[in-house]
Structures are given as C-alpha cells and as structure tokens.
Amino acid sequence: MKVLALHLPQFHRIPENDEWWGEGFTEWDNVRRALPLFEGHDQPRIPLGGPYDLSDPKTIIRQHELATKYDIDGFIYYHYWFNGKRLLEKPVEMLLDLPEANREFCLCWANEPWTRAWDGKNHQILMEQTFGGEPDWQAHIDYLIPFFQDSRYIRLDGHPLFFVYTPNKIPDFDAMIRYWNAELEKTSIPSLYVVEFLSSFNLSPSSKMSSAVMEFEPLYSARYEVSNLVKAKRFLRKRLRTIDGLDYDYLWNCLLRRKRAYLGKRLIKGCFVNFDNSPRKGKRAFITKGATPEKFGRYLTKLMEIPRENQEDIVVINAWNEWGEGAVLEPDEANGYAWLEAVRDAKRLASFGEAL
C-alpha cells in the first residue's frame, strides 16, 4: 500500500505574510511561541536540527531523502490558487527543477480563504477566495500542466491525481473539471483523477466529476464519528473558549471502525500523526491527547490491513510538516525519528500480514 504525506509549503518568507503578520513571518514564528498548556503537553515542538527554509533547494532534497529512507512513497503539496493569484508556490515550483528530489508527488488545491483565525472560515479575511470563469480555468490548467507532465507526478491508472479541499465551494466545479480534461486531452495527458477531501466542512462528496474521496483526519472523525456526549462536551468547551481535547486512542478507534461508503466513489484512506493547533490558537486549540509514535505505528498498521469497500491502495497521512497543528512526521528534539520509523515499520508489518 502506498503511503503519501500532506506537505505544507508555509516555511519560507513571502511578501504577503510580511504585510499581514510582520516582516520575516513564517509558520516557525507560531511554532516558537507555543507554550505548554497542561502537564505533559509537548510544546513547543522543536525540529531536530532547527527550523528550515523551504526556499532553499537543499531543504526540499533533504525532505525527499528522508521520505525515501523511511518508506514514504510521496508528498501531497498544498497548492494555493486565488483566481490567478498564487501563494506559497515557490517550493513546489522549485521541485520541477530538482531531479535529486526523487519521491513522487501530487497537488491538493487548498481552495479556502486565508484568515487570521487559520480555520478557512469567512471572517478576518486576509486573502479572499474568489473563483473566475473560463479565463481563470484556462490560466489555472495552463499552470498545472507542467506538474502533470513531470515523471514523478502521481497517477492512478495513468490519470494525474489531484486533490481538492472543498469542491462544494467552487461554482461550476464539474464544468471546470470537464473543461480541464478537454485541455489535457490536447496535450495527450489523461483526464484527472479528482479526489474530494471530506472533513469538518463536508461529510459527503459533492461532485459528479470526482473519482474518489479522502477522509481528512482527525477533523473528519472528530466531527462525525464521536458520540453525542462527546459532541456536547466539545460544543461546551468551545463556548467557554477552553481547550478542546480528545483522546488519541478514541479517535483512532473511531477511524478504524468506520465502514461508511460514498455513493460509489473510490476511497483513499486518511489518518493522522497527532493534532495540536495550540501554536496557532493558544487556549482555544483542538488537541488530541495521549499520542505516541508507538501507538501511531500500531494504528497505521491496522489501517493498512483492514479493508474498506472501494478502497484504493493509498493511505494519506496528515501530515509531513504541519508544525503549527502538531501533525508532524519530521524529526523533532523530543522524539527524534520515531514518527518516521513508525511509518516504515507499519508498512513492513502490514505487507508481512498481507503476505501471510
């Protein structure tokens, strides 16, 4: 089974962040400011070797080397397109000129507005998400085609794999995908394999043109799979503006028990390393409690071994480097390479089990 990790390209300077948050801002500023909020709270998380700069090609190559060493098959890079305006595009654009970075990759259009609350909701908007018609569709697919043509770009049955965060927020989404596929045909690229994120914003697929869905964890399980009592407690904590904490084992068991199917769509399984967005939100954070690399490895092995209806042989991990949300596979000072080792060992154990 192929393991892909979501990749956040936030760790380099851009003029927009300088304007909105102060000169030199990157996600590392949030990470550095994090404080422990209760006994045993693992904050701040400190990357092994210190913060890095994703505008440095050596950093990208190093990440791909680590992924190779620990048997992660590829990256899903977040892609930010706002009606022709791009943000945080430099790392993945540099990737096209870095053959040494040899892991496979694909793109996920994170089509949410940027807000000061970091949650994609329409308040305190920094960069509004608007959608154009055919001229924007054309500009967007022209931009994407060089990525689809790269030999490392992930394909399923020959079709470029393309994730979209919230298709239900994009007007005429199906018409846009049909338009894109017609343009791809002109360049001899097969039609897209579109995957819809399912998360706290959307329970079910919304597009006739998508091929599959991916359950974005832990937000999907925390919203739709927990008991009514847990939902009530979460609601109360949010009203009181206190820490919204859920047990790591409880959420993983919700995930592993799920048997839901999605209107005949193929399924790409999602999972999570950990979650803790207190670097961004302080005491209003959502935190999964009790995570360890050992638990993660055991649960990941089970996830790969338990079959689901219509599943693809792919697991998506949240995430490679969401340091501001505590979803991190990369090595840190507290755990070293343990999270990466857990992925490597889980893949080997799952493969051994399947062979038996």
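Higher on the page you've got the structure.
First, a word on scope: everything that follows refers to the structure included in this document.

As a further point, take the packing of aromatic side chains. Applying the stated criterion across every chain, the model contains 34 aromatic pairs. Their ring planes at 75° and their centres at 5.1 Å tell us that Phe-148 and Tyr-153 sit as a pair that is edge-to-face. Among the residues examined, Tyr-153 registers a relative accessible area of 3% and is labelled buried. An aromatic cluster is built from Phe-75, Tyr-77, Phe-105, Trp-109, Phe-131, Phe-148, Tyr-153, Phe-162, Trp-180 and Trp-320, whose rings are joined through pairwise contacts. Just above the ring of Trp-21 sits the side chain of Arg-116; from NZ or CZ to the centre is 4.8 Å.

Right, let's talk about the pattern of salt bridges for a bit. Scanning all chains against the criterion turns up 25 salt bridges. The closest approach of N and O atoms between Asp-71 and Lys-347, which form a salt bridge, is 3.6 Å. One end of the pair, Asp-71, is in the loop between helix H3 (57–69) and strand E2 (74–82); the other, Lys-347, is in helix H12 (residues 338–355), with 276 residues separating them in the sequence. The partly exposed category is assigned to Asp-71, whose relative accessible area is 28%. For Lys-347, a relative accessible area of 9% corresponds to the buried category. Between Glu-217 and Arg-258 there is a salt bridge, with its nearest N and O atoms 3.1 Å apart.

Moving on, we get to unusual backbone geometry. The omega torsion across Glu-217 and Pro-218 is 5°, close enough to zero to call that bond cis. Examined against the element boundaries, Pro-218 turns out to sit in the loop between strand E10 (212–215) and helix H7 (219–224). The residue after Asn-318, namely Ala-319, is reached through a cis peptide bond having omega 10°. Residue Asn-83 is not a glycine yet carries a positive backbone phi of 50°. When you line up the elements, Asn-83 lands in the loop between E2 and strand E3 (85–87). Phi at Arg-241 takes a positive value of approximately 55°, unusual for a residue other than glycine. Looking at the secondary structure, you find Arg-241 in the loop between helix H8 (228–240) and strand E11 (244–247).

So, how was this worked out
- Residues numbered from 1 in each chain as written.
- Predicted model: local features only at pLDDT ≥ 70, side-chain atom pairs only at ≥ 80, totals over all residues.
- Heavy atoms only, no water.
- Phe/Tyr/Trp six-rings, centres within 6.5 Å; stacked < 30°, edge-to-face > 60°.
- Buried < 20%, exposed > 50% of the residue type's maximum accessible area, 1.4 Å probe, protein only.
- Lys NZ or Arg CZ within 6 Å of the ring centre and 35° of its normal.
- Salt bridge = Lys/Arg side-chain N within 4 Å of Asp/Glu carboxyl O.
- Helix = DSSP H or I, 4+ residues; strand = E, 2+ residues; numbered from the N terminus.

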